[in-house]
Amino acid sequence: MEKFSYVNATSLEQVTSLLSDSGWGEVMVIAGGTDLLGELKEYIETPKTLINLKTLPGMDSISADGSGLKIGALATVADIAMYPEIQNHYTVLAQAAGSVATPQIRNVGTLGGNLCQRPRCWYYRDETVDCLKKGGELCYAIEGLSKYHAILGGDPVYIVHPSDIAPALIALGASLKIVGPEGEKTMSVEEFFTLPATNPYRENVLEPNEIVVEVQVPHPKSNAKSFYLKAREKGAPDFALASVAGVFEMEGNTCQAASIVLGGVAPAPWRSTEAEAALTGKMITESVSMQAGEDAVKDAQPLNDNAYKVTLTRNLISRAAMMAAK
Amino acid sequence: MAIKSHVQTTINGETVEFLCESRQSLLEVLRDELHLTGAKEGCNNGNCGACSVILDGRLVNSCLVLGVETEGKSVETIEGLAAPDKLHPIQDAFLENAALQCGICTPGFIMSTKALLDSNPNPTEHEIRYWLAGNLCRCTGYDKIVRAVQDAAKASA
């Protein structure tokens, strides 16, 4: 790890002004650090200054009322997974948070950090590879080893977004608050993420001098059932090969509305409007659920080593829909 | 600007002061500055859990926490577990169940077990496996480790 100076944050104004003129990478923020320290150790990032956000007061709180949740960006993944109101009424979010990494990492990893974490692509994480994501010419996954890469939305960079929590938040219709030098703004979590066709270098719309400060989640309807299904290569903690965050508004076995967001298969959390359309207004049966899975992956373009993700994704969607009908 | 920061923290109940560079992990501080070599470096990236310690009551990977971040906090390491003349019940249970082979992962497993039993004194086998999932044993003695945790829970009951 290169040397850097370390500054404890005292206010949002101080943070955004320290970030202001540097562009990406000179001054960086650290919260849980479980993703960032990996990048520093591998020399993927070499900041001159790190700003410790954990000293900002009150930004780790979680509160719930009848209209929804407010979760500070410094709330840990463990706190989200264990929060009783989230376990009881926002099942998909509790399950997604509980599936993240290990107890040790959930204990320090934060909500804001989980949403802003960088890709796990082995070419991106290798300091000796100058890939397109890092300003080079090529995405090496196209001709190289692509077992863990994108099957949807990849062109021209085939990373997958590693967050489990982001698909759950999008499925629940969450929004997030961003603070920058000009003040604060709010946008949906869905709008926050971008595809490489828009910007191959970043995974979201955050500017170098902005930080995420809060996530707001509307209360699901009383007839909503929600699930997070995550396929991993091993039983132990791992990133998703493919995952499905599903929120289903059910009347008996009929799906009145569905929100289906995929993780692990695209460079951003991937809403499947095709699967949603295949389920909405339908009595959910085995064949309806399988059709939803088929529709979701009909435009998938697997690389050399990841065609298995097409089948995996299809079946996870089908399984989630069948769980909603039970 | 000074190259090293002065940090005051509590380690195993005693106030400790040290100097460290901001880039040094808590694991490096424990091992290289304070000579507490119980926490081990396995992967150095948060996969293996061999460096697990308890920070302000929460289990963490000390390789993924910066030393400077422990200012004013409380750290528990494997060195603080046993009484001068008596092993901790979790240590006894690991010995009795032969829940270690090469032993590199053991300090991490024992600290994870301590964190688990502190919050859930009577875990099910499923809970033990879920909450110890951040610790890897490359000798793959997992069943014996799970039995040791169950015995430690009984001994503490």
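Here, residues in each chain are numbered from 1, in the same order as that chain's written sequence. For naming, the first written chain is A and the first written ligand is 1, with later ones following in the order written. This being a predicted model, a pLDDT of at least 70 is required before a residue's local features are given, and a value of 80 or more before pairs of side-chain atoms are given or counted; all residues contribute to the totals for chains, interfaces and linings. Side-chain metrics rest on all non-hydrogen atoms present in the structure, leaving aside hydrogens and water.

This part is about the overall build of chain A. A tally of helices and strands in chain A yields 12 helices and 13 strands. Radius of gyration here uses only the C-alpha atoms, and the compact-globule reference equals 2.2 Å multiplied by the residue count raised to the power 0.38. Scaling as 2.2 N^0.38, a compact globule of 326 residues should have a C-alpha radius of gyration of about 20 Å, and chain A matches this with 19 Å. Oriented by its inertia axes, the alpha-carbon framework of chain A measures out at about 60 × 50 × 35 Å. By residue count, 58% of the 326 residues in chain A fall in the buried class. Here the analysis covers contacts within chain A between residues at least 6 apart in sequence; of these, 64% occur between residues at least 24 apart. Note on areas: Shrake-Rupley with a 1.4 Å probe; residue coverage comes only from the protein chains shown. Summing over all exposed atoms, chain A offers an accessible surface of approximately 13100 Å²; the carbon and sulfur share of this is 51%. For chain A, the distance from the average position of its 27 positive side-chain charges to the average position of its 38 negative side-chain charges is 6 Å. Each helix is a run of DSSP H or I of at least 4 residues and each strand a run of E of at least 2, with the numbering of both proceeding from the N terminus. Each residue is placed in one exposure class: buried if its accessible area under a 1.4 Å probe, protein chains only, is under 20% of its type's maximum, exposed if it is over 50%, and partly exposed if it falls in between. Whether two residues are in contact is decided by their heavy atoms, any of which lying within 4.5 Å being enough. Within this scheme the basic residues Lys and Arg register as positive and the acidic residues Asp and Glu register as negative, but His and the chain ends are omitted. Charge coordinates come from a single atom per side chain, which is NZ of Lys, CZ of Arg, CG of Asp or CD of Glu.

Let us now look at the pairing of strand E4 (residues 58–61) of chain B. All names here are of chain B. Pairing between strands is defined by DSSP: at least two bridges between the two strands are required. One ladder, built from four bridges, connects strand E3 (residues 52–55) with E4; its direction is antiparallel. Bridging across to E4, valine 53 finds its partner in valine 60. Two successive antiparallel strands, E3 and E4, enclose a turn made up of two residues, where aspartate 56 displays a positive phi of approximately 45 degrees.

A few words now on the state of the cysteines. Here, a disulfide means two cysteine sulfur atoms that sit within 2.5 Å of each other. Going through the model one piece at a time under the given rule, you end up with zero disulfides over all chains. Distance from the sulfur of cysteine 131 of chain A, which forms no disulfide, to the nearest cysteine sulfur (cysteine 121 of chain A) is 6.1 Å. On the accessibility criterion, cysteine 131 of chain A (5% relative accessible area) is buried. Not part of a disulfide, cysteine 105 of chain B finds its nearest cysteine sulfur in cysteine 137 of chain B, a span of 4.1 Å. Under the relative-accessibility criterion, cysteine 105 of chain B is labelled buried at 10%.

Residue and element names in this part refer to chain B. Spatially, five strands are ordered E2-E1-E5-E3-E4 in an open sheet, and the strand pairing comes out mixed. The two strands at the open ends of the sheet, each matched to only one other strand, are strand E2 (14–20) and E4. Recorded for the sheet is a direction-independent mean angle of 40 degrees between the axes of neighbouring strands. Bridge count between strand E1 (residues 5–11) and E2: seven bridges; the pairing is antiparallel. Of the residues in E2, the one forming a bridge with histidine 6 is leucine 19. On the sheet, helix H1 (residues 26–33) packs against E1, E2 and E3 and is oriented at approximately 100 degrees with respect to E2. Fitting a line to C-alpha atoms yields each axis, with helices limited to the stretch in contact; the angle taken between N-to-C directions then spans 0 to 180 degrees.

For the rest of this paragraph, the subject is the side chain of asparagine 52 of chain A. All names here are of chain A. With respect to the secondary-structure elements, asparagine 52 resides in strand E3 (residues 49–52). As used in this structure description, the phrase polar contact means that two N or O atoms lie within 3.5 Å; if the pair is within protein, one of them must be able to donate a hydrogen and the other to accept it, and residues adjacent in sequence are counted only when both atoms belong to side chains. A polar side-chain atom of asparagine 52 sits 3.2 Å from a polar atom in the side chain of tyrosine 6. Polar side-chain contacts of asparagine 52 include one of 3.1 Å to the side chain of lysine 54. Here asparagine 52 is in contact with Tyr6, Val7, Asn8, Ala9 and Ile30, once residues within four sequence places are set aside.

What follows covers empty space enclosed by the protein. Picture a little ball the size of a water molecule; that probe, rolled over the atoms, points out where space is still empty. Residues and elements named next belong to chain A. Points on a 1 Å grid over protein atoms alone make up a cavity when a 1.4 Å probe fits among them but cannot get out, and a pocket when they form an open set with protein on both sides within 12 Å along at least five of seven lines; lining residues each have an atom within 4 Å of a point. Grid points are joined across faces, edges and corners, and a volume is the space filled by probe spheres set on the points. The final tally for this structure, using the stated rule, is one cavity of 30 Å³ or more. Taken as a whole, the largest cavity holds about 60 Å³ of empty space. Residue lining of the largest cavity: Cys121, Tyr123, Tyr124, Cys131, Leu132, Lys133, Leu138, Cys139, Tyr140, Ala141, Val157 and Ile159, and that is the complete set. Taken together, the residues that form the lining of the largest cavity break down as 11 nonpolar, no polar and one charged. Nonpolar residues are Ala, Val, Leu, Ile, Met, Phe, Trp, Tyr, Cys and Pro. Charged residues are Asp, Glu, Lys and Arg, and all others, Gly as well, are polar.

Right, let's get into the interface of chain A and chain B. A common way to report how large an interface is uses the accessible area buried once the components associate. Contact residues are listed per partner, giving 27 residues for chain A and 25 residues for chain B. Buried area is a sum: the accessible area each of two parts loses on coming together, probed at 1.4 Å, counted once for each and added. At the boundary of chain A with chain B, total buried surface from both sides reaches about 2200 Å², with 57% on carbon and sulfur atoms. When the area that chain A buries against chain B is broken down by residue, the three leading residues are Tyr6, Lys41 and Gln104 of chain A, summing to 27%. Salt bridges, as used here, are contacts in which a Lys or Arg side-chain nitrogen is within 4 Å of a carboxyl oxygen on Asp or Glu. Across the chain A-chain B interface, the total number found is two salt bridges. Here lysine 54 of chain A and glutamate 69 of chain B are joined by a salt bridge, their closest N and O atoms 2.3 Å apart. Counting across the chain A and chain B interface gives 15 residue pairs in polar contact (both at pLDDT 80 or more). Looking at the side of chain A that touches chain B, the elements with two or more residues in it are strand E1 (5–8), helix H2 (36–41), helix H3 (77–82) and helix H6 (103–108) of chain A. Ranked by residues supplied to the side of chain A that touches chain B, first place goes to H6 of chain A with six residues.

Take the domain arrangement of chain B next. All names here are of chain B. According to the domain assignment, chain B contains domain 1 (4–80) and domain 2 (89–156). Using only C-alpha atoms to locate each centre, domain 1 and domain 2 end up separated by 21 Å. With 12 residues of domain 1 at the interface, the matching set in domain 2 holds 12 residues. Between domain 1 and domain 2, the buried area comes to about 1100 Å², and carbon and sulfur atoms account for 65% of it. It is Ile54, Leu59 and Ile78 that lose the most area in domain 1 upon contact with domain 2, and together they represent 41% of the buried surface on that side. On inspection of domain 1 and its partner domain 2, the count reaches one salt bridge. A salt bridge links lysine 114 to glutamate 76, with the shortest nitrogen-to-oxygen separation between them at 3.1 Å. At the boundary of domain 1 with domain 2, the tally comes to four residue pairs in polar contact (both at pLDDT 80 or more). Residues that form the side of domain 1 that touches domain 2 fall into these classes: five nonpolar, five polar and two charged. Either an automatic procedure or a domain database provided the assignment from which the domain bounds are taken.

Right, let's talk about the packing of aromatic side chains for a bit. Residue and element names in this part refer to chain A. Aromatic contacts are taken between Phe, Tyr and Trp rings whose centres are within 6.5 Å, Trp giving its six-membered ring; a plane angle under 30 degrees counts as stacked, one over 60 as edge-to-face, and the others as tilted. Counted under the stated rule, the structure contains six aromatic pairs over all chains. With centroids separated by 5.9 Å and ring planes inclined at 40 degrees, the aromatic side chains of tyrosine 123 and tyrosine 140 adopt a geometry described as tilted. Here tyrosine 140 lies in the loop between helix H7 (111–116) and helix H8 (165–171) and tyrosine 123 lies in the loop between H7 and H8, a separation of 17 residues in the sequence. With a relative accessible area of 15%, tyrosine 123 lands in the buried category. Judged by centre distance (5.1 Å) and plane angle (80 degrees), the rings of phenylalanine 192 and phenylalanine 193 are edge-to-face. You'll find phenylalanine 192 and phenylalanine 193 in the same group, each marked buried. Criterion for a charge above a ring: Lys NZ or Arg CZ within 6 Å of the ring centre, and within 35 degrees of the ring normal. If you follow lysine 134 out to its NZ or CZ, it ends over the ring of tyrosine 124, 5.7 Å from the centre. Seen from the ring of tryptophan 24, arginine 202 lies directly overhead, with NZ or CZ sitting 3.4 Å from the centre.

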